[in-house]
Amino acid sequence: MKVVAIKWQDTISVRHQVLWPHKPPEFCRVEGDEQALHFAVMGSQQIVCVASLYIDNNTARLRKFATLSAFQSKGVGSFMINYLIDNLKQQGINYLWFDARESALGFYQRFGFDKMGELFYKSDIAYYRMSKSL
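Okay, so let's go over this structure. Keep in mind that what you see is a predicted model, and the values were worked out from it rather than measured.

1. Some words on the overall build of the protein
Within the protein, the secondary structure is distributed over three helices and seven strands. Ordering the α and β elements of the protein from the N terminus gives β-α-β-β-β-α-β-α-β-β. For 134 residues, the compact-globule formula gives about 14 Å, and the C-alpha radius of gyration of the protein, at 14 Å, lands near that figure. Its C-alpha atoms put the protein at 35 × 35 × 30 Å along the principal axes.

Encoded structure:
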């Protein structure tokens, strides 16, 4: 596996397939995509996982982290998270946060992320805010 930097436009297909398949692809675009950092895990010449980082001083926000279903539970997402954490540390970023789907809490907790606050909803999906000092 390898992680590569990509353009925000290259994230939309995976974001759409995994996160919001019942919404139009445009729903998967995020305000600030043009300024964010976007990464992909490549597998057999195709993007199988995407993640986007939105940097503000020494804080980063992870958004639209998605792995194609055929590649889930195979270490691809873990590979990406470890890469992102290492990359942020090298840049001097010392705090990472994001809104995690309730169904993914266990995944993120394995990397030392903690829940912050109460459960909330976006488009009928339950989320918790999570964070970690790097």
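Picking up after the structure, the text goes on.
2. Quick word on the nonpolar core
Core analysis: the biggest nonpolar cluster contains 39 residues, and Leu62, Phe65, Met80, Ile81, Leu96, Tyr108 and Phe113 have the highest contact counts within it. What Tyr108 contacts, discounting residues up to four positions off in sequence, is Phe65, Ile81, Phe98, Ala100, Phe113 and Met130.

3. Quick word on the packing of aromatic side chains
On inspection of all chains with the given rule, the structure shows 10 aromatic pairs. Aromatic side chains Phe65 and Phe107 sit 6.1 Å apart centroid to centroid with 35° between the ring planes, which places their arrangement in the tilted category. Residue Phe65 is found in strand β4 (residues 59-67), and its partner Phe107 is found in helix α3 (residues 105-109); the two are separated by 42 residues along the sequence. Joined through ring pairs, the aromatic side chains of Phe65, Phe98, Phe107, Tyr108, Phe111 and Phe113 make up one cluster. Stacked on the ring of Tyr54, the Lys or Arg Arg63 has its end atom at 5.9 Å from the ring centre. Above the plane of the ring of Phe113 lies Lys132, whose end atom (NZ or CZ) is 5.6 Å from the centre.

4. A look at the environment of Ser44
Structurally, Ser44 is set in the loop between β2 (37-43) and β3 (46-56). The spatial distance from the C-alpha of Ser44 to the C-alpha of Lys122 is 33 Å, given a sequence separation of 78 residues.

5. Things to note about the pattern of salt bridges
Using the criterion set out here, one finds five salt bridges in the structure. Residue Lys122 is joined to Asp99 by a salt bridge in which the shortest nitrogen-to-oxygen separation is 2.9 Å. Of this pair, Lys122 sits in strand β6 (residues 114-122) while Asp99 sits in strand β5 (residues 95-101), and the two are 23 residues apart along the sequence. Residue classification places Lys122 among the partly exposed positions, given a relative accessible area of 28%. Its relative accessible area of 15% is what places Asp99 among the buried residues. Residue Arg129 pairs with Asp99 through a salt bridge whose shortest N-O separation is 2.8 Å.

6. Brief notes about unusual backbone geometry
One non-glycine residue with positive phi stands out, namely Ser44, at about 50°. Here Ser44 falls in the exposed class, since its relative accessible area comes to 72%. Here the phi dihedral of Asn57 falls at roughly 60°; this positive angle occurs in a residue that is not glycine.

7. Concerning the sheet that holds β2
Either a parallel or an antiparallel arrangement is found when strands of a sheet pair, and the pairing is made through backbone hydrogen bonds. Spatial strand order, β1-β2-β3-β4-β5-β7-β6: seven strands in an open sheet with mixed pairing. Both outer strands of the open sheet, β1 (2-6) and β6, are each paired with one neighbouring strand and no more. This sheet shows a mean twist of 25° between the axes of neighbouring strands, independent of strand direction. Pairing geometry for β1 and β2, over five bridges, is antiparallel. Counted as the bridge partner of Lys2 is Met42 from β2. Along the sheet, helix α2 (residues 76-90) makes contact with β1, β2, β3, β4, β5 and β7 (125-133), crossing β3 at roughly 30°.

Parameters at a glance
- The residue numbers shown here count from 1 along each chain, following its written sequence.
- Where local features are concerned, this predicted model is filtered to residues with pLDDT of at least 70; where side-chain atom pairs are given and counted, the filter is 80 or more; whole-chain, interface and lining totals use all residues.
- Only heavy atoms go into the side-chain values, all of them from the structure, while hydrogens and water stay out.
- Numbering goes from the N terminus for both helices and strands, where a helix is a DSSP run of H or I of at least four residues and a strand is a run of E of at least two.
- All radius of gyration figures rest on C-alpha atoms, and the globule criterion is 2.2 Å times the number of residues raised to 0.38.
- In this text, buried Ala, Val, Leu, Ile, Met, Phe, Trp, Tyr and Cys residues form a nonpolar core when linked through side-chain atoms within 4.5 Å.
- The buried label applies to any residue whose accessible area, calculated with a 1.4 Å probe on protein chains only, is under 20% of its type's maximum; exposed applies above 50%, and partly exposed to all values in between.
- Only heavy atoms matter for contacts: two residues are in contact if any of them lie within 4.5 Å across the pair.
- Each aromatic pair joins two rings of Phe, Tyr and Trp (for Trp, the six-membered one) with centres within 6.5 Å, and gets the label stacked for planes under 30 degrees apart, edge-to-face for over 60, and tilted for any other angle.
- Comment: the charge-over-ring label is applied if NZ (Lys) or CZ (Arg) is within 6 Å of the ring centre and within 35 degrees of the ring normal.
- We define a salt bridge as a side-chain nitrogen of Lys or Arg found within 4 Å of a carboxyl oxygen belonging to Asp or Glu.
- Only strands joined by at least two bridges in the DSSP assignment are considered to pair.
- Orientation is described by axes fitted as lines to C-alpha atoms, over the contacting stretch for helices, and by angles from 0 to 180 degrees between their N-to-C directions.

On their own, these measurements won't tell you what the molecule is for.
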